[in-house]
Amino acid sequence: MSENYRPVLSIDPSRLPKHFDAPEAEVRWDAEWDRQGIYRYDPSRPRAETFVVDTPPPTVSGSLHVGHVFSYTHTDVLVRYRRMRGDNIFYPMGWDDNGLPTERRVQNYFHVRCDPREPYVPDLVLEPANAKARKRPPRMVSRANFIELCHQVTLEDEKSFMELWRRNGLSVDWSLEYATIDERCRRTAQYSFRDLFEKGHVYNEDAPTTWDVDFQTAVAQAEMEDRERPGAYHHIEFGVQGGDESFVIATTRPELLPACVGVTAHPDDERYRGLFGREALTPLFRTPVPIFPSEVADPEKGTGVLMVCTFGDATDVAWWREQGLALRQIVTREGRLAAVEFGGEDFPSLDPEAANAAYEQLSGKNINQARNAVVELLRDPAGSATGGGAPLVGDPETIQHSVKFYEKGDRPLEFVSTRQWFVRLLDQKEQLLAKGEQIEWHPAFMHARYRDWTEGLSLDWCISRQRYFGVPIPVWYPLDGQGAPDYAHPIVAEREQMPVDPLIDTPPGYDEAARDQPGGFCAESDIFDTWFTSSLTPQIGSGWGVDDERHGRLFPADIRPQSHEIIRTWAFYTIAKALLHEDTVPWHHVVISGWVLDPDRKKMSKSQGNVLTPLPLIEKYTADGARYWSASARLGTDTAADEKVFKVGKRLATKLFNAGKFVLSQEAEVRPVEAELDRAFVAKLAALVERATASFDDYNHAQALTDTETFFWTHFTDAYIELVKTRARSQDEAQRGSAVAALRLGLDVLVRLLAPFLPYITEEVWSWAFAEEKGQPSVHRAPWPDASDFAGIGAPDDPGSFELAADCWGSINKCKADAEVSMGREVATLTILACPSDASRLPAVLGDVLDAARCAEHRLESREGLDSGVFAIEGAEFVAREESVKRSD
RNA sequence: AGGCACGUAGCUCAGUGGCUAGAGCGCCGCCUUGACACGGCGGAGGUCGGCGGUUCAAUCCCGCCCGUGCCUACCA
């Protein structure tokens, strides 16, 4: 080597393993990244340089499935890109641990139930229930013990999630970890309540509320779903007071007949016009109820006239309110028919004896049993309100209709009148929609989901839950002299007290001795809907109410990644909170991942048993392979968990390992990139960098991956490396230096372009030489490639010379394939025919082509009629194999 | 019922108002290795869901239809 040039920092490939040991590297790099603190948020840098992520806190009690690594990888890829662009990343991780899923898991895991009347047992230790224990009735534990068990289980679950995230290479700043039940989140949620209370956005009300009879808790509109269920129209004859007329209503809920409080039909319906203002008489119970007209009644549906009950559905609730009808709540919180007495003021009857006899058949039964029983009673002419035979007209007519369920529930929702806390949202629709407009949705069409939901909002947000493991509502109620609570004047905890548990803590101005005493106070025992806390994740991260300066620096966030099925819950509620608290958007961009489908493109669900767990896939295909699969999906696109794609990712990582080994083991002097082919390659590489960067900025990471991968495989490893392999070992130092410099630049840039997708293998390759050479220990802190990487390298004389060389070499390869000889076979001589233009351009790169083809002698002839880029190879004479082997020794 | 998205090679997916529509996997044939057989070269394989329309030109734009998924609504 000449004395003026120092050698490049090359590696000795024999010191590297033959194959990449991914599991070992994944553990090693994860620890190393932690040690270097490369994912740490730097609070000293300004907002403009900071990229704030509002990470979805996963429900830890749910099972781990590939959907988790899928969507979180999308976020991580974007975050890693922004980090390399120089942004100060704020990327926390939280766990959504409170709420029903955890309670249910704890109930199953230990085979316990919570009964608040049970005394607290200190230091209670329970073993996971075995099959035998499950056959016995569940053990009853106190509320405090139950909550302790919930904490115990969530801690374990959080650990397994964290291990998965780390293994998957999420570049989370683990010092920012939170859990939605921890003290900080409880405080933030209670601050939120107090702020909404002060602003007049929350209220409590005793009103009919959608209720799950199994979980025995109120359910919000966002947590309901429709399910198709078989049902039946029952035609039932009603009488009319003071006349011998009758009419027939149709209902799918005959068991609610004892709760009938009115009858209605459309005002223009000729059949029933004469009845308005009079009273109907129910069969069986002989209860007189008002008949009133309503525009909402559809003359086409059923018989056009219907009974109003408390409560069959939301329309019943509306009629009940508008008409000021009586309240006859017969369905209990347990989903059974309550014991009621006909003949009194609440349940009037013209024939109390018969009514009570009939109701006796229903009392205490569940909904289905009561329905069957009432139908039997209606078949008996004795129950008729008119004396005109059996009240049930004809046979029930079976239909298929959709019924509202709690999304986690097993029985239809009932409307039960209970006292609940609500956030007033119906008066905020316009503002909520306006905030949705200010946010950029990726992909844009997902905005429609938010708009549809917001426009269709029909109920205020019910935020109280009659459960145990959650953030307590920070409220007490004063008790009057008789010990009755004054719900109109709740005592809300002071901010300084928070977080409080009203069941333990005492309200300001009261002594603990006054608890549950007349003239004293009583605690609100309900907890918040888990979304009440989850909707504050941007504020939890920013320290809202705790550190205003920091909040100003981190709120609103830059991106909110999430999946599309929780737009109506998580996204919606978070927008609502930011609106009500600070009249702002919570983040500037929403990034929506699609769903993961099973390999047959069916939705994965536990009930179908087609859920794939991620760790075995990561172990089989490496973390980089799993990330490749995730990242190959565009935002918002539902994607099949296709193992073929994992495999491709693993192959890409392997290829990068080998290409890196080759490129970095080339020894040469540091020389400028000058050869025509090298400059042509660099020009293509620069174009790739521009495209990939534009794709990332356009929230299209999948395009960036495809382009980079294709370039890496097609142009770099299959073409460029092969074409310059010989020259990279040439005796001509300038030629050799140019080739090696371009090879190293190619590897350097491609490793950085792939780093967001394949963090492990890129870091591995980076560590061999670039880390030292560039003074940047981690590729994940290295600058994203840009024009400065190519400064000083001239444009090629002919912009097409790279393709020309690759095409010509490809033609020779095809010639070898046709002759069934190996690509490495030496060629004694051959003739290349090219169109006149190509023939004149080819010599600039022909030396590299002939080297790659191992061709000793050649002739280049111009031939009219050939297309550009098409080369005919004639008269090829291959060196005999034995001779070829001998020569190369 | 309304809305959104999707329908491209056997499979999973790219793609563009215009040259012969692409990739990977799978398949077939060949190559035995000096970065990589966890590889390379070559090949077969598509009426771009259907029918109309706009256009010199449509897989791409428009309309209708069919199919799939989701969202919203209705659900006496």
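See the structure above.
Residues numbered from 1 in each chain as written. Chains lettered and ligands numbered in written order. Predicted model: local features only at pLDDT ≥ 70, side-chain atom pairs only at ≥ 80, totals over all residues. Heavy atoms only, no water.

Moving on to helix α7 (residues 314–323). The set of residues buried in α7 consists of Asp316, Val317, Trp319 and Trp320. In a view along the axis of α7, the buried residues occupy a sector of 165 degrees, so they form one face of it. Buried-residue contacts for α7 involve β7 (202–212), β11 (260–265), β13 (288–293), β14 (305–309) and β16 (414–423). Gly324, located one to two residues past α7, shows a positive phi value of around 60 degrees. (Buried < 20%, exposed > 50% of the residue type's maximum accessible area, 1.4 Å probe, protein only. Helix = DSSP H or I, 4+ residues; strand = E, 2+ residues; numbered from the N terminus. Arc of directions from axis to C-beta. Contact = heavy atoms within 4.5 Å.)

Turning our attention to the environment of Asp838. As for its placement among the helices and strands, Asp838 is situated in helix α24 (residues 836–841). We classify Asp838 as buried; its relative accessible area is 0%. Between the C-alpha atoms of Asp838 and Ala339, which are 499 residues apart in sequence, the distance is 96 Å. Within the structure, Asp838 has its side chain in polar contact with the backbone nitrogen of Gly869 (distance 2.6 Å). (Polar contact = N/O pair within 3.5 Å; in protein donor to acceptor, adjacent residues only side chain to side chain.)

Let us now look at the pairing of strand β24 (residues 557–563). Within β24, 7 of the 7 residues are buried, which leaves it mostly tucked inside the rest of the structure. Where β24 and strand β25 (residues 587–593) come together, 6 bridges link them in parallel fashion. Bridging across to β25, Ser563 finds its partner in Ser593. Assessed by its sense of winding, the connection that carries the chain from β24 through helix α15 (residues 567–582) to β25 is right-handed. (Pairing = 2+ DSSP bridges. Right-handed = clockwise from strand over helix to strand, strands pointing away.)

This part is about the sheet that holds strand β28 (residues 827–834). Taken together, the 3 strands give an open sheet; going across it, the order is β29-β28-β30, and neighbouring strands pair in mixed fashion. Looking at the sheet topology across the chains shown, the edges are occupied by β29 (855–862) and β30 (872–878). On average, each strand axis in the sheet is inclined to that of its neighbour by 10 degrees, with strand direction left out of account. Pairing of β28 with β29, which is carried by 7 bridges, proceeds in the parallel orientation. Residue pairing for β29: Thr829 is matched across the bridge by Glu857. In this fold helix α25 (residues 843–852) packs onto β28 and β29, with an angle of close to 145 degrees to the strand it touches most, β29. (Axes fitted to C-alpha atoms, helices over the stretch in contact; angles between N-to-C directions.)

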